[in-house]
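Fold and contact review
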Number of protein chains: 2
Amino acid sequence: MITELQQYLADEFDIHFQNPDLLAEAFTQASYVNEHPEQHLKYYERIEFLGDAVLQLFVSEYIYRRYPELLQGKLTRLRAAMVCEDSFSKFAKECHFDQYIRLGKGEEMAGARNRPGLLCDIFESFIGALYLDQGRDAVERFIHRVIFPKLDMGWFDHAVDTKTSLQEFLQRDGDVDIEYHLLDETGSENAPEFKVNVSADGQVLAQGTGSSKKHAEMDAAAQALKKLRATTK
Amino acid sequence: MITELQQYLADEFDIHFQNPDLLAEAFTQASYVNEHPEQHLKYYERIEFLGDAVLQLFVSEYIYRRYPELLQGKLTRLRAAMVCEDSFSKFAKECHFDQYIRLGKGEEMAGARNRPGLLCDIFESFIGALYLDQGRDAVERFIHRVIFPKLDMGWFDHAVDTKTSLQEFLQRDGDVDIEYHLLDETGSENAPEFKVNVSADGQVLAQGTGSSKKHAEMDAAAQALKKLRATTK
């Protein structure tokens, strides 16, 4: 399984591990080690401890540099949304890491291979192994491909107050008049839907929808930020 | 004050900042910024956000490599003891960083300069500024001088169960018979002092003292680990 994983990492990510034992350790759960005592294997937890800290720093550094307008509280909320079980388990799945985990039979039967907690751990331990084996540049390349594009895709917009972020973004170079206009209100009384747009100095930037006026405004601000960031890159 | 700080860092740590604004930001509290609106200053919180993650990773990596026998749970406990307000505020004080913090008058009067929370923040923000201005090698040199020697001085022994660590260390390559012997019990009834030694397969490794038999054994195990690690490095 580890040979297949090495091949997959080489083909898909151009990552070539020097030390396959480290990679094997990163993808092996304790239950597998216990079932194969004669092999004297190691399981992923120590490497995961390291990988978790690697991800914390690299994500922190990236958002620190990318959002010079964000204050500490928001940076912290954004990092918490990015560095968490929910995100990491999705990244692990997207990278097909679930297929390469070495599990004991009981854990396999219990469906551990699809458990977000385990997928998150494996994502962290893979990063730890990559850091130890290939150094920080390899980790940077990998997370620039797997994690950071999700920022532009709006995965973490819920973590930041997008209206304030938009205001900070637009007002970096001076005062701008930002307005939200309700365009439409549809749906039933129990499931209303609001549509708004947001404009800066009279120029419409984006539209947004939501189940309340506030949510629709947050969505419009997020859409506007996405467009603005795409054009100012 | 920032010029004096630059001079002090150069003299004491051979650290020469390229960008003094970054250093100034790292040592400036919001209260000072608010009192000097005309100077358009920045305060330390964003850099502290980054510095915190830098310290997490560097400490994690160091203890991961140094203690190959420690399992994840203990690594986590040890890191928590090292990366915390209590330690960082002491490091900040030891480095005389308290003398260079720029505070508003109210905060100064309220004694903020000696508040552990602020000292801890400033230690983290200094590390963040050092990382941004001088890179990871400069941070490594600094914390190898300021933080890691405290491990050998026993600052964090309370975080790890030294008896279990010694057992794990000695039994890496097979079974070893570890015994603790009470050598002496002195002091008064209210302030007893115990002296024990620890031996492996009959060979005495170290002595320890403590206010209870258990504490004396923990101390003996810590002393033994220290000796063993020094000889196997």
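Nothing here was measured: the structure is a model prediction, and the numbers come from that model.

1. A short note on the UniProt feature "binding site: Mg(2+)" (unreviewed entry) in chain A
UniProt annotation of "binding site: Mg(2+)" (unreviewed entry) refers to Glu48(A), Asp121(A) and Glu124(A) when read in the numbering used here. These residues run over 77 residues, yet every pair of their C-alpha atoms falls within 6.3 Å of each other. With a relative accessible area of 10%, Glu48(A) lands in the buried category. Those residues in contact with Glu48(A) that sit more than four places away from it in its chain are Asp121(A), Glu124(A), Ser125(A) and Gln72(B). Examined against the element boundaries, Glu124(A) turns out to sit in helix 8 (residues 116-134). Among the residues examined, Glu124(A) registers a relative accessible area of 7% and is labelled buried. With residues up to four places along the chain from it excluded, the contact list for Glu124(A) reads Ile47(A), Glu48(A), Gly51(A), Asp52(A), Leu55(A) and Phe88(A).

2. Remarks on the UniProt feature "domain: RNase III" (unreviewed entry) in chain A
Cross-referencing UniProt, the feature "domain: RNase III" (unreviewed entry) maps to residues 6-135 of chain A in the present numbering. Taken end to end, residues 6-135 of chain A has its terminal C-alpha atoms 17 Å apart, with 68% of it in helix and 0% in strand.

3. Structural notes on the pairing of strand 1 (residues 178-187) of chain B
Successive residues of a regular strand alternate their side chains across the two faces of the sheet. Residue and element names in this part refer to chain B. Pairing of strand 1 with strand 2 (residues 192-200), which is carried by nine bridges, proceeds in the antiparallel orientation. Bridge pairing in strand 2 places Thr 186 opposite Glu 193. What sits between the antiparallel neighbours strand 1 and strand 2 is a turn of four residues.

4. As for the relation of the copies chain B and chain A
Mapping chain B onto chain A calls for a rotation angle of 179 degrees and an axial translation of 0.6 Å; the resulting RMSD is 0.9 Å. Read as a symmetry element, the transformation amounts to a two-fold axis.

5. Some words on unusual backbone geometry
The general pattern is negative phi for most residues beyond glycine and trans for most peptide bonds. Residues and elements named next belong to chain A. Of note, His 40 is a non-glycine position whose phi angle comes to about 50 degrees, a positive value. Among the structural elements, His 40 can be located in the loop between helix 3 (30-35) and helix 4 (45-66). Positive phi values are uncommon outside glycine, yet His 96 reaches one of about 60 degrees. By secondary structure assignment, the location of His 96 is in the loop between helix 6 (85-94) and helix 7 (105-109). For His 96, a relative accessible area of 37% translates into the label partly exposed.

6. Remarks on the environment of Gln7(A)
Residues and elements named next belong to chain A. Among the secondary structure elements, Gln 7 is positioned in helix 1 (residues 2-13). The class of Gln 7 is partly exposed, set by a relative accessible area of 47%. Sequence-wise, Gln 7 and Phe 17 are ten residues apart; in three dimensions their C-alpha atoms are separated by 9.7 Å.

7. Here's the deal with the pattern of salt bridges
One pass over the full model with this rule turns up 22 salt bridges over all chains. The partner of Arg65(A) in a salt bridge is Glu61(A), with the nearest N and O atoms 3.1 Å apart. A residue pair is termed a helical-turn pair when its members lie 3 or 4 positions apart in one helix, as Arg65(A) and Glu61(A) do in helix 4 at four residues. The exposure class of Glu61(A) is buried, given its relative accessible area of 10%. Between Asp98(B) and Lys93(B) there is a salt bridge, and its shortest N-O distance comes to 3.4 Å. Put simply, Glu61(A), Arg65(A) and Arg136(A) are held in one network by salt bridges that share partners.

8. Comments concerning the interface of chain B and chain A
One frequently used descriptor of interface size is the decrease in accessible area upon assembly of the parts. Taken together, the contacts link 29 residues of chain B with 29 residues of chain A. Across the chain B to chain A interface the summed buried area is about 2,600 Å²; carbon plus sulfur atoms make up 60%. Interface area lost by chain B to chain A is led by Arg46(B), Phe49(B) and Tyr64(B), which between them contribute 34%. On inspection of chain B and its partner chain A, the count reaches two salt bridges. Linking Asp52(A) and Arg79(B) is a salt bridge whose minimum nitrogen-to-oxygen distance equals 4.0 Å. Scanning the region where chain B abuts chain A turns up 14 residue pairs in polar contact (both at pLDDT 80 or more). Elements supplying a minimum of two residues to the side of chain B that touches chain A: helix 4 (45-66), helix 5 (72-82) and helix 8 (116-134) of chain B. If you tally residues by element for the side of chain B that touches chain A, the top one is helix 4 of chain B, at 17 residues. When the residues that make up the side of chain B that touches chain A are grouped by side-chain class, the tally is 17 nonpolar, four polar and eight charged.

Calculation criteria
For every chain, the first residue of its written sequence is number 1, and the numbers climb from 1 along that sequence. Starting at A for chains and at 1 for ligands, labels are handed out in the order in which the entities are written. Per-residue local features are limited, in this predicted model, to residues with pLDDT of at least 70; the limit for side-chain atom pairs, both in listing and counting, is 80 or more; totals at the level of whole chains, interfaces and linings are taken over all residues. Note: side-chain values were computed over all heavy atoms of the structure, leaving out hydrogens and water. UniProt positions are given in the numbering used here, feature names are shortened, and annotations may be inferred rather than shown by experiment. Between buried and exposed lies partly exposed: a residue is buried under 20% and exposed over 50% of the maximum accessible area for its type, with that area taken using a 1.4 Å probe on protein chains only. Here a residue-residue contact requires only that any non-hydrogen atoms of the pair lie within 4.5 Å. Per the convention used, a helix needs a DSSP run of H or I reaching at least four residues, while a strand needs a run of E reaching at least two, with both numbered from the N terminus. Here, strands pair whenever DSSP counts at least two bridges between them. Copies overlap after least-squares fitting; the atoms used are the C-alpha atoms of residues with pLDDT of at least 70 in both. By convention in these notes, a salt bridge is any Lys or Arg side-chain nitrogen within 4 Å of a carboxyl oxygen on Asp or Glu. A simple way to read buried area is as the amount of 1.4 Å-probe accessible surface that goes missing from two parts once joined, with both sides added. Any pair of nitrogen or oxygen atoms within 3.5 Å is treated as a polar contact; in protein, a donor-acceptor pairing is required on top of that, and neighbouring residues in sequence qualify only through side-chain atoms on both sides. In this classification, Asp, Glu, Lys and Arg are treated as charged, Ala, Val, Leu, Ile, Met, Phe, Trp, Tyr, Cys and Pro as nonpolar, and every other residue, Gly included, as polar.

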